[in-house]
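Architecture and fold: a report
This is what each chain is made of:
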Amino acid sequence: MKKIVFVLIPFLLFSFQPSAKAEKTETKNLKAAIIIDDFGGGTGGVRDFLEGGIPITAAVMPFTEHSKEHAEWAHKYGIEVMIHLSMEPKRGKRSWLGPRPIMNDLSPAEVKQIVEDAIKDVPYAVGINNHMGSLAVENEQIVRAIVEVAKKKRLYIIDSATSPNTKFPIIAKELGVPILKRDIFLDDISSSSHVYKQMIRLAKVTEIKGTGIAIGHVGITGKVCSIGVFQSMAELEKRNIKIVPASNLFSGKLAEKYFIPLKKGS
């Protein structure tokens, strides 16, 4: 009789394993955002991304010739728009910053004015991320000024993570502004095969965390970035990873409260 019991136990354990695994797979809700920076500036890859059928998030540089045009174009195709706020880096050419960047020597009032004007210049924006800014994001006064305007206008923040000493997370948490951080840069090397590999890295991060954020660009690397992203879509679909607007990655009571639409006249 004992022998029969010993034979049955492994059989029963084995028979239950597939269903438990299937249940675990079914409960996963994997979501990733692909933020594409530099709309409003460079034109390479703009049409590919805006008309490509992927729900990217378009980060538009304010105060450029094409800022309004690209924001309106993105909105027309149902693509979420955010402000790509130019901030002073530790290294790099001044020309890379574009018009009216936030520099380290500005007063909080001057910073707030730039952010307020950027919101007016980029229609439909619901969030902010930083363009460069490895120096300015370490300045508590500057970051606080930006976050205060974001709170007033109910804009979420994506920290592009250009400095490990960024003040965005701590100040956003203090002021109750939803914030997330970039996980992967897609086109730090201008090659579509590299972008594809980075998208696979995004998939792995998303499988571990449940969510993931990648940042790529239009402009000089725009075409190769778009090719690499589009080539990776079949693999992400196979892994059951859904590409969503950046705002869809926020969860919890803060996000639920924060994203309630403002009443008219607020």
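Cut-off values and rules
- Residue positions are given per chain, counted from 1 along the sequence in the order it is written.
- For this predicted model, a pLDDT threshold of at least 70 governs which residues receive local features, and a threshold of 80 or more governs which side-chain atom pairs are given and counted, while totals over whole chains, interfaces and linings are taken from all residues.
- Heavy atoms from the whole structure form the basis of all side-chain values; hydrogens and water molecules are not counted.
- We define a nonpolar core as any set of buried Ala, Val, Leu, Ile, Met, Phe, Trp, Tyr and Cys residues linked to one another through side-chain atoms lying within 4.5 Å.
- Partly exposed residues are those whose accessible area sits between 20% and 50% of the maximum for their type, while under 20% is buried and over 50% is exposed, using a 1.4 Å probe and protein chains only.
- Runs of E in the DSSP output that reach at least two residues are strands. Runs of H or I that reach at least four are helices, and both are numbered from the N terminus.
- In the sections that follow, a salt bridge refers to a side-chain nitrogen of Lys or Arg positioned within 4 Å of a carboxyl oxygen of Asp or Glu.
- At least two DSSP bridges between two strands are needed for those strands to be called paired.
- A right-handed crossover is one whose linking path, passing over the helix from the first strand to the second, runs clockwise when the strands point away from the viewer.
- Comment: arc refers to directions from the helix axis out to C-beta atoms.
- Here a residue-residue contact requires only that any non-hydrogen atoms of the pair lie within 4.5 Å.
- Stacked, tilted and edge-to-face are the three classes assigned to paired rings of Phe, Tyr and Trp, where Trp is represented by its six-membered ring and a pair needs centres within 6.5 Å; plane angles under 30 degrees give stacked, over 60 edge-to-face, the rest tilted.
- Only when the NZ of Lys or the CZ of Arg is both within 6 Å of the ring centre and within 35 degrees of the ring normal is a charge said to sit over the ring.

**Quick notes on the nonpolar core**
- Counting 61 residues, the largest nonpolar core has Phe39 and Val229 as the members making the most contacts within it.
- With seven residues, helix H5 (residues 140-153) is the largest single contributor of residues to this core.
- In terms of nonpolar packing, the next biggest core, distinct from the first, is built from 13 residues, Ala59, Met82, Val244 and Leu249 among them.

**Observations concerning the pattern of salt bridges**
- Evaluation of the coordinates by the stated rule reveals 14 salt bridges.
- Residue Asp48 is joined to Lys223 by a salt bridge in which the shortest nitrogen-to-oxygen separation is 2.8 Å. Of this pair, Asp48 sits in helix H2 (residues 46-50) while Lys223 sits in helix H8 (residues 222-238), and the two are 175 residues apart along the sequence.
- A relative accessible area of 45% places Lys223 in the partly exposed class.
- As a salt-bridge pair, Lys238 and Glu235 come within 3.4 Å of each other at their nearest N and O atoms. Taken together, the residues span about one helical turn, with Lys238 and Glu235 both in helix H8 at a distance of three residues.
- The exposure class of Lys238 is exposed, given its relative accessible area of 63%.
- A residue is classified by how much of its surface remains accessible, and Glu235, at 18% relative accessible area, is buried.

**Remarks on unusual backbone geometry**
- Unlike most non-glycine residues, Phe63 shows phi in positive territory, near 70 degrees.
- Secondary-structure assignment places Phe63 in the loop between strand E2 (57-60) and helix H3 (67-76).
- With phi around 60 degrees, Ala161 is a residue other than glycine that occupies positive phi space.

**Notes on the pairing of strand E4 (residues 125-132)**
- The buried fraction of E4 amounts to seven of the eight residues, a majority that puts the element mostly inside the structure.
- Here six bridges tie strand E3 (residues 80-87) to E4, and the two strands are oriented parallel to one another. Across the sheet, the residue bridging to Leu85 is Asn130, located in E4.
- Since E3 and E4 lie parallel, the crossover through helix H4 (residues 108-121) that links them has a hand, and here it is right-handed.
- Inspection of the sheet shows E4 paired to strand E5 (residues 156-159) by three bridges, in the parallel sense. Note on E5: the bridge partner recorded for Gly127 is Tyr156.

**A word on helix H6 (residues 168-175)**
- Listed as buried for H6 are Phe168, Ile171, Ala172 and Leu175. Projected onto a plane normal to the axis of H6, the buried residues spread over an arc of 100 degrees and lie on a single side. Looking at H6, the residues exposed on the side facing more than 90 degrees away from the buried face are Ile170, Lys173 and Glu174.
- On the buried face of H6, the contacting elements are E3, E4, H5, E5 and strand E6 (179-181).

**Points about H3**
- Every buried residue of H3 is listed here: Ser67, His70, Ala71, Trp73 and Ala74. One face of H3 carries all of its buried residues, which in axial projection span an arc of 160 degrees.
- Where the residues of H3 are buried, they touch strand E1 (30-39), H2, E2, E3 and H4.
- Directly after H3, the chain includes Gly78, whose backbone phi takes a positive value near 75 degrees.

**Observations regarding the packing of aromatic side chains**
- For the structure shown, the criterion picks out two aromatic pairs.
- A ring pair is formed by Phe49 and Phe230, whose centres lie 6.3 Å apart and whose planes are at 25 degrees; its orientation type is stacked. Of this pair, Phe49 sits in helix H2 while Phe230 sits in helix H8; the two residues are 181 residues apart in sequence, bridging distant segments of the chain.
- According to the relative accessible area criterion, Phe49 is buried, its value standing at 2%.
- For Phe230, a relative accessible area of 30% translates into the label partly exposed.
- Aromatic pair Tyr156 and Phe250: ring centres 5.2 Å apart, planes at 50 degrees, arrangement tilted. With Tyr156 in strand E5 and Phe250 in the loop between strand E9 (241-243) and helix H9 (253-258), the pair connects residues that are 94 residues apart, well separated along the chain. Of the two residues, Tyr156 and Phe250, neither departs from the other in class, the shared state being buried.
- Here Arg100 stacks its cationic end above the ring of Phe63, 4.6 Å away from the centre of that ring.
- The ring of Phe185 is capped by Arg182, whose NZ or CZ atom sits 3.8 Å from the centre of that ring.

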